[in-house]
Amino acid sequence: MMLVDTHCHLMDQQFADDLDDVIRRAEAEGIGRMIVPAVDLATAHEVIRIAEAYPNVYAAVGIHPESANDVPASHFDEIERLAKHEKVVAIGEIGLDYYWDSAPHAVQQDVMARQIEIAKRVGLPIIVHNRESTEDIIQLLDRMNVAESGGVMHCFSGSENDARRCLAMGMYISFGGPVTFKKADDVRAVAAVIPDDRILVETDSPYLSPHPFRGKRNEPSRVKIVAQQVADVRNVSLEALAAQTTANALRLFSKVGL
Ligand SMILES: [Zn+2]
Ligand SMILES: [Zn+2]
């Protein structure tokens, strides 16, 4: 059985002391590939360094909406250059975050749009972060014709209707630790109805640890707990869910080799 953690921030300071162990533990649990998204230009360099050091780790480069203020034009050029690295498999994470609201909405939208253009130029999918900005995200993805790049709505927590609108644009839907939370019946209901060929799993480590580790540092090995929960609500075995989500990850992130 092999699982892909499609979203783990292994460059986070919380992994600075034991990254070797974290990756070894994941591999021992069958997490055969890990994708590490950056949040700005500095971390874009870091995630590439980690991907170069570990054969099963891949990178995504991009500017997160929390880092969207005052981005120099040169940073977009540099992201585009880094995207051509052999282990960079996506542009991400990018998106809108109206909860933290670190930058004006128009600025966030501009930063996201410019990176979708980069994704199209370099032929990579996007990894989309959305917090309290669903309507604007969906409109932007539609306006930008995101089907040309493809991508994933990471750590999805929206409604079934939101999911269907994203699916209609060709997007994949990824579930993380929150699908295991006690009060997340609505998220589980959505996870139950995503088409087999569009569903992914992730941890968003070091954040969002699944139950019963909620509040503790998360790590890629725990994507197995997420996958088990998603398998349960879809009435399939963990093995079948793993095979399906891994095939989906390798299709979407086509630069991830087997
Ligand atoms: Zn995110
Ligand atoms: Zn993230």
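Note that the coordinates shown come from a computational prediction; the quantities given were computed from them, not determined experimentally.

Caption draft 1: Summary view of empty space enclosed by the protein. Counted under the stated rule, the structure contains 1 cavity of 30 Å³ or more. Considering only enclosed or pocket space, the largest cavity measures out at about 30 Å³ in volume. The wall of the largest cavity is formed by Asn-130, Thr-134, Ile-137, Ile-138, Met-153, Phe-156, Asp-162 and Cys-166. Every element with two or more residues in the lining of the largest cavity is listed here: α5 (134-143) and α6 (160-168). Ranked by the residues each element gives to the lining of the largest cavity, the list is headed by α5, at 3 residues. Residues that form the lining of the largest cavity fall into these classes: 5 nonpolar, 2 polar and 1 charged.

Caption draft 2: A look at the coordination of the zinc ion (ligand 1). For the zinc ion (ligand 1), every protein donor is listed as Glu-93 (OE), His-129 (ND1) and His-154 (NE2), and the spread of their distances is 2.1 Å. For the zinc ion (ligand 1), the donor residues sit on a single chain with the sequence spacing E-x35-H-x24-H. A separation of 3.4 Å is found between the zinc ion (ligand 1) and the zinc ion (ligand 2), which are bridged by Glu-93. In this pair, Glu-93 is assigned in strand β4 (residues 88-97) and His-129 in strand β5 (residues 126-131), connecting sequence segments 36 residues apart. Take Glu-93 and His-129: they sit in the same class, and that class is buried.

Caption draft 3: Focus on the environment of Ala-163. Assignment of secondary structure puts Ala-163 in helix α6. Classification of Ala-163 as buried rests on a relative accessible area of 1%. Along the primary structure Ala-163 and Arg-114 are separated by 49 residues, whereas in three dimensions their C-alpha atoms are 24 Å apart. Residues within four places of Ala-163 in sequence aside, it is in contact with Phe-156, Ile-173, Val-190 and Ile-194.

Caption draft 4: Geometry of the coordination of the zinc ion (ligand 2). Only His-7 (NE2), His-9 (NE2), Glu-93 (OE) and Asp-204 (OD) from the protein reach the zinc ion (ligand 2) as donors, at distances of 2.0 to 2.5 Å. Every donor counted, the 4 donor atoms about the zinc ion (ligand 2) form angles of 88 to 177° at the centre, which fits irregular coordination. Site description for the zinc ion (ligand 2): donor spacing in sequence, H-x1-H-x83-E-x110-D. For His-9, a relative accessible area of 4% translates into the label buried.

Rules behind the numbers
Residues numbered from 1 in each chain as written. Chains lettered and ligands numbered in written order. Predicted model: local features only at pLDDT ≥ 70, side-chain atom pairs only at ≥ 80, totals over all residues. Heavy atoms only, no water. 1 Å grid on protein atoms, 1.4 Å probe; cavity = no way out; pocket = protein on both sides within 12 Å on 5 of 7 lines; lining within 4 Å. Points joined across faces, edges and corners; volume = space filled by probe spheres on them. Helix = DSSP H or I, 4+ residues; strand = E, 2+ residues; numbered from the N terminus. Nonpolar A, V, L, I, M, F, W, Y, C, P; charged D, E, K, R; others polar. Donors = N, O, S within 2.8 Å, 3.2 Å for Na, K, Ca; no water. Buried < 20%, exposed > 50% of the residue type's maximum accessible area, 1.4 Å probe, protein only. Contact = heavy atoms within 4.5 Å. Tetrahedral: all angles 85-135°; square planar, octahedral: opposite > 155°, others 65-115°.

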